Amino acid sequence: MSIIEKPDDQLGFLLMQVSLLKQRFTNSVLRIYDITYIQFVILAGILELGESGKLVTQQTISLERLLDKAMVSNVVKTLIAKNLITRDTHPSDNRAYTLGLTAEGQKLVVKCKTEAKKIDKMFFSSIDEDHFRETLKTLQTNNTN
């Protein structure tokens, strides 16, 4: 028995590889809409959080989607330049901005949500999705920060 494990024997490596594979596959489908997977995640976050009546800020997106603040900031700038979202002064916090979808952004995120559901259905078709979802949720509670 070898002391050195092969990467394919390490769960963390396999999880990362599957995550990257899913991201590449999703990006290839979303490319026709001229957005990336992370741009879609942020657009969908603005849509979903906005529907709940909350004011959506970059911080809200970062916290709710478990995304790096600096990355969210950069992606928001890109989405503004693409005329998919708006950024307005927060009514009660001078340091924050609220985010909203433009009409174009709204249409796009709805189309992309449909595509994302198709991608997930196909990508996860060979496994028990409910069991896998519960396993991933359990792993999320292992936050060691």
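See the structure shown above.
Residues numbered from 1 in each chain as written. Predicted model: local features only at pLDDT ≥ 70, side-chain atom pairs only at ≥ 80, totals over all residues. Heavy atoms only, no water.

Visitor: Any chance you could explain the overall build of the chain here in plain terms?
Guide: The helix and strand inventory of the chain stands at six helices and two strands. Scanning the chain from its N terminus toward the C terminus, one meets helices and strands in the order α-α-α-α-β-β-α-α. Within the chain, the proportion of its 145 residues that are buried is 30%. Taking as baseline every contact in the chain between residues at least 6 positions apart, the subset at least 24 positions apart corresponds to 51%. Here the chain displays about 10100 Å² of accessible surface, and carbon together with sulfur accounts for 55% of that area. Computed over 19 positive and 17 negative side-chain charges, the separation of the two mean positions in the chain equals 5 Å. (Helix = DSSP H or I, 4+ residues; strand = E, 2+ residues; numbered from the N terminus. Buried < 20%, exposed > 50% of the residue type's maximum accessible area, 1.4 Å probe, protein only. Contact = heavy atoms within 4.5 Å. Areas by Shrake-Rupley, 256 points an atom, 1.4 Å probe, with all protein chains shown as cover. Lys, Arg positive; Asp, Glu negative; His and termini not counted. Charge placed at Lys NZ, Arg CZ, Asp CG, Glu CD.)

Visitor: Sorry if this is basic, but what is going on with the nonpolar core here?
Guide: General note: in soluble globular proteins, nonpolar side chains tend to be found buried as a group. If you look at the biggest cluster of nonpolar residues, it comprises 24 residues, and the most contacted ones within it are Ile-35, Phe-40, Ile-42, Leu-43 and Ile-61. At the level of elements, α2 (37-51), α4 (69-81) and α5 (103-123) are the ones that each hand at least two residues to this core. If you tally residues by element for this core, the top one is α2, at eight residues. Ignoring anything within four residues of it in the chain, the contact list for Phe-40 reads Leu-30, Ile-35, Val-109, Cys-112, Lys-113 and Ala-116. (Core = buried A, V, L, I, M, F, W, Y, C linked by side-chain atoms within 4.5 Å.)

Visitor: Any chance you could explain the environment of Gln-106 here in plain terms?
Guide: Note on placement: Gln-106 falls in helix α5. Put simply, Gln-106 and Leu-84 are 22 residues apart on the chain and 7.6 Å apart in space, counted from C-alpha to C-alpha. Beyond its immediate sequence surroundings of up to four residues, Gln-106 is in contact with Leu-47 and Leu-101.

Visitor: Mind showing me how you'd approach a nonpolar patch on the surface here?
Guide: Residues Leu-15, Leu-136 and Leu-139 make up a contiguous nonpolar surface patch of roughly 240 Å² in combined accessible area. Looking at the element boundaries, Leu-15 is found in helix α1 (residues 11-30). (Patch = residues over 30% accessible without salt bridge, like charges linked within 9 Å, V, L, I, M, F, W, Y side chains within 5 Å. Salt bridge = Lys/Arg side-chain N within 4 Å of Asp/Glu carboxyl O.)

Visitor: Honestly, the packing of aromatic side chains in this entry has me stumped. Any pointers?
Guide: Centre-to-centre distance and the angle between the planes together describe a pair of aromatic rings. Counting across every chain of the model gives two aromatic pairs. Taking 5.1 Å as the distance between ring centres and 85° as the angle between the ring planes, the aromatic pair formed by Phe-123 and Phe-124 counts as edge-to-face. Taking the relative accessible area as the measure of exposure, Phe-124 reaches 18% and is therefore buried. By way of ring pairs, the aromatic residues Phe-123, Phe-124 and Phe-132 are connected into one cluster. (Phe/Tyr/Trp six-rings, centres within 6.5 Å; stacked < 30°, edge-to-face > 60°.)

Visitor: Please clarify how the packing of α2 against α4 should be interpreted in this entry.
Guide: The relative placement of two packed helices comes down to the angle between their axes together with the axis-to-axis distance. For the pair α2 and α4, interaxial distance at closest approach is 10 Å and the crossing angle is 85°. By the angle class used here, α2 and α4 are roughly perpendicular. Across from Ile-38, Gln-39, Ile-42 and Leu-43 in α2, the residues of α4 making contact are Met-71, Val-72, Val-75, Thr-78 and Leu-79. (Axes fitted to C-alpha atoms, helices over the stretch in contact; angles between N-to-C directions. Parallel < 35°, antiparallel > 145°, perpendicular 65-115°, else oblique.)

Visitor: Got a minute to help me understand the pattern of salt bridges in this structure?
Guide: One side chain can pair with another of opposite charge once the charged atoms of both are near each other. Per the counting criterion, the structure on display carries nine salt bridges. Note that Lys-54 and Glu-64 form a salt bridge whose closest N and O atoms lie 3.4 Å from each other. Of the two residues, Lys-54 is situated in the loop between α2 and α3 (58-64) and Glu-64 in helix α3; the sequence distance between them amounts to 10 residues. With a relative accessible area of 43%, Lys-54 lands in the partly exposed category. Here Glu-129 and Arg-133 are joined by a salt bridge, their closest N and O atoms 3.8 Å apart.

Visitor: Which parts of the structure should I look at to understand the environment of Ile-119?
Guide: You can see Ile-119 is positioned in helix α5. Here Ile-119 falls in the buried class, since its relative accessible area comes to 5%. Separated by 18 residues in sequence, Ile-119 and Lys-137 place their C-alpha atoms 20 Å apart. Those residues in contact with Ile-119, other than ones at most four positions away along the chain, are Lys-22, Phe-25, Thr-26 and Val-29.

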